[in-house]
Amino acid sequence: MARTLDPPRVLSIADLRDLARRRLPRVVFDYIDGGADGEVTLRENCRVFDDVTFRPRNAVATPASDLRTTVLGLPLELPLLLAPVGSSRMFYPRGEEVAARAAGAAGAGYTLSTLSGCRLEDVKAASQGPVWYQLYLVGGHDVARAAMERAKSAGFSALVVTIDTAVAGQRERDAKNGAKQLLGGSPWSMLPYLPQLLARPRWLAGYLSDGGLMKFANVVLPGQGPMPYADIAAALEESTVCWQDLRWIREAWTGPIVIKGVLTGEDARRAVETGAEAVVVSNHGGRQLDGVSPTLRALPEVVAAVAGRAEVLLDGGIRRGGDIAKALCLGARAVLVGRAYAYGLGAGGGAGVTRAIQILRTDLVRTLKLLGCPAVRELDRSYVDLPTAWGRS
Ligand SMILES: Cc1cc2nc3c(=O)[nH]c(=O)nc-3n(C[C@H](O)[C@H](O)[C@H](O)COP(=O)(O)O)c2cc1C
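A brief report on the enclosed structure follows. (Residues numbered from 1 in each chain as written. Predicted model: local features only at pLDDT ≥ 70, side-chain atom pairs only at ≥ 80, totals over all residues. Heavy atoms only, no water.)

## So, the packing of aromatic side chains
Spelled out, the test is: Between the rings of Phe, Tyr and Trp (Trp by its six-membered ring), a pair exists once the centres lie within 6.5 Å; its type follows the angle of the planes, with under 30 degrees stacked, over 60 edge-to-face, and the other angles tilted. Helix and strand labels come from DSSP, where a helix needs a run of H or I of at least four residues and a strand needs a run of E of at least two; each type is numbered from the N terminus. Accessible area is worked out with a 1.4 Å probe on protein chains only. A residue is then buried under 20% of its type maximum, exposed over 50%, and partly exposed in between. Here, a charge over a ring means that NZ of Lys or CZ of Arg falls within 6 Å of the ring centre while also lying within 35 degrees of the ring normal.
A complete count under the given rule lists 5 aromatic pairs for this structure. Where Tyr-133 meets Phe-156, the ring centres are 5.9 Å apart and the plane angle is 90 degrees; that geometry is what we call edge-to-face. Of this pair, Tyr-133 sits in strand E6 (residues 131–135) while Phe-156 sits in the loop between helix H6 (141–154) and strand E7 (158–162), and the two are 23 residues apart along the sequence. For Tyr-133, a relative accessible area of 0% corresponds to the buried category. Its end group placed over the ring of Trp-253, Lys-152 keeps NZ or CZ at 4.8 Å from the ring centre.

Have a look at this one:
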């Protein structure tokens, strides 16, 4: 598989996406690729990077490009973390472990979703880099508390609390592909949707050898064990995280807290007041409320509201190293990527994730050199032009 990921076959994240589409059944590919409702925010997340243009300093030699930074005091070889992506184990056998291993080896961080298939201890053991745990309150407070304790003792260095999931967004592609029926329906209701699985025998063989339908290994229900895979929309709706919850979460988790899903100055201030050490400007990759602003557009407002009291990270729409540079110019300390690495995982497991990170890293080095900027820590507003309308907000 690794050979098929080499250039010139795979030069960009879009190439990995094509390979993922070929290896994965439609229901799995669309679960990764799709967004909520009309997918307006999903598209805008990517497109908005075109609105910001670079202002290079030419005739400047920068022999070494320094990509290193720290996030919450932890050193990273490049300003990149893998975002929490639920059900990664469906994309590739032991998906969360292989992704975490690839991130650690590349000097990037990894964030494990609550809705993952591998045990958090195994994921931590697989990575030599920083690993964060993303919290949903699925299963209730006691279940969440137990997961936090396990994450703490396994050595997860930060807790990421996602706040934009009061209900699951309507992902029309999932409904059309029969995701619900395939995940928990009767054999009869599953039948019309089975051909898409059979059409991808290589994926199917891996899936079955990895135990078939995963359980949520880190949502351990009292008396029942790991929560069986199900349509989790109802579970999410019963477990909305509210600002008041941050109080008991703060008590239960002694390490740094990252609030993910901040899109406005008001929420950013609130996050800082509740003691968050970092916020992620995120709209869940356009999978939740369609029609919210793309994250790059929301970033300046959040950076201004936080005013240096917490670190600001961004995710959404990052497909090239140049996108990372633009986010850093606008005040993000680092970025998270979701689909960029999920496509890699779906295309070729750990090798695909490694290739995704390598693509972004190579892009970023080239971008820094062409900008005449020696280090990511030196990127700032002076390297970009913004549309005039942005200045007014
Ligand atoms: C397939 C998939 C599953 C996701 N699952 C979660 C999750 O379990 N928890 C969470 O906080 N965010 C989740 N997200 C959102 C990502 O963490 C991140 O915010 C988003 O992917 C960023 O946009 P990008 O995909 O354009 O990089 C998921 C995203 C995708 C694509």
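## Brief notes about the sheet that holds E7
Cut-off, in case you're wondering: We call two strands paired when DSSP finds no fewer than two bridges between them. Between the N-to-C directions of two axes lies an angle of 0 to 180 degrees, each axis being a line fitted to C-alpha atoms and, for a helix, fitted only over the stretch in contact.
The strand order around the closed barrel built from 8 strands is E4-E5-E6-E7-E10-E11-E12-E13, with neighbouring strands paired in parallel fashion. Here the average twist between neighbouring strands, direction ignored, is 25 degrees. Two strands pair when backbone bridges link them, and strand E12 (residues 311–315) and strand E13 (residues 334–337) are joined in this way by 3 bridges, in the parallel orientation. Bridged to Asp-315 within E13 is Leu-336.

## Considering unusual backbone geometry
The peptide bond linking Pro-7 to Pro-8 adopts the cis configuration, its omega dihedral lying at 5 degrees. Within the fold, Pro-8 resides in the segment before helix H1 (13–23). Look at Leu-72: it is not a glycine, yet its phi comes out positive at around 50 degrees. The topology assignment puts Leu-72 in the loop between strand E2 (69–71) and strand E3 (74–76).

## Here's the deal with the pairing of E12
Stated formally: Handedness of a crossover is defined as follows: orient the strands so they point away from the viewer, and if the path from the first strand over the helix to the second runs clockwise, the crossover is right-handed.
Burial analysis of E12 places 5 of its 5 residues in the buried class, which makes it a mostly covered element. Note: strand E11 (residues 278–281) against E12, 4 bridges, orientation parallel. Bridging across to E12, Val-280 finds its partner in Leu-313. You can see the chain leave E12, run along helix H16 (residues 321–329) and come back into E13, and the turn it takes is right-handed.

## So, the packing of H16 against helix H17 (residues 339–371)
The following threshold applies: These descriptions rest on fixed angle ranges, namely under 35 degrees for roughly parallel, over 145 for roughly antiparallel, 65 to 115 for roughly perpendicular, and the rest for oblique. It is the rotation of the near helix from the far one that decides the hand of a crossing: anticlockwise by less than a right angle makes it left-handed, clockwise makes it right-handed. Two residues form a contact once any of their heavy atoms are found within 4.5 Å.
Packing of H16 against H17 leaves a shortest axis separation of 7 Å and a crossing angle of 60 degrees. Relative to H17, the element H16 lies oblique. Seen along the crossing, H16 lies across H17 with a hand that is right-handed. Residues Gly-321, Gly-322, Ile-324 and Ala-325 of H16 form the contact with H17, whose participating residues are Leu-360, Asp-363, Leu-364 and Thr-367.

## Observations concerning the nonpolar core
We count it as follows: By convention a nonpolar core is built from buried Ala, Val, Leu, Ile, Met, Phe, Trp, Tyr and Cys residues, the set being connected through side-chain atoms within 4.5 Å.
Formed by 119 residues in total, the largest nonpolar core has its most connected members in Tyr-110, Leu-296, Leu-314 and Leu-379. Ranked by residues supplied to this core, first place goes to H17 with 14 residues. The residues contacting Leu-314, other than those within four sequence positions of it, are Phe-49, Val-280, Val-281, Thr-295, Leu-296, Leu-299, Ala-327, Ala-332, Ala-334, Val-335 and Leu-336. Of all hydrophobic cores here, the second largest spans 14 residues; its members include Val-71, Trp-132, Ala-158 and Ala-334.

## Structural notes on the site of the ligand
Which entries qualify depends on this criterion: Throughout this document, a residue counts as near a molecule or strand when at least one of its heavy atoms sits within 4 Å of that molecule or strand. Here a polar contact is taken to be a pair of N or O atoms separated by no more than 3.5 Å, where protein atoms must pair a possible hydrogen donor with a possible acceptor and residues adjacent in sequence count only if both atoms sit in side chains. Shrake-Rupley sampling with a 1.4 Å probe provides the accessible areas, and residues are treated as covered by the protein chains on show and by no other component. Ten residue types, Ala, Val, Leu, Ile, Met, Phe, Trp, Tyr, Cys and Pro, are classed as nonpolar, four, Asp, Glu, Lys and Arg, as charged, and the remainder, Gly among them, as polar.
In the vicinity of the ligand lie 22 residues, with Pro-84, Ser-113, Thr-162, Asp-315 and Gly-317 positioned nearest. In this structure, His-284 approaches the ligand through a side-chain N or O atom, which is 3.2 Å from a nitrogen atom. Residue Arg-319 places a side-chain N or O atom 3.0 Å away from an oxygen atom belonging to the ligand. Considering the ligand on its own, with 600 Å² of exposed area, one finds that the protein chains cover 98% of that surface. Here the shell around the ligand is built from residues that sort into 7 nonpolar, 10 polar and 5 charged.

## Concerning the side chain of Arg-171
Where we set the bar: Charged-residue counts in this description rest on Lys and Arg as positive and Asp and Glu as negative, His and the chain ends being excluded. Each salt bridge in this description consists of a side-chain nitrogen of Lys or Arg and a carboxyl oxygen of Asp or Glu lying within 4 Å of one another.
Inspection of the secondary structure assignment puts Arg-171 in the loop between E7 and helix H7 (172–176). Buried within the structure, Arg-171 lacks any salt-bridge partner; Asp-174 is the closest side chain of opposite charge, at an N-O distance of 4.7 Å. Only 2.8 Å separates the side chain of Arg-171 from the side chain of Gln-288, close enough to count as a polar contact. In this view, Arg-171 contacts Tyr-31, Gly-35, Arg-287 and Gln-288; residues no more than four positions away in its chain are not counted.

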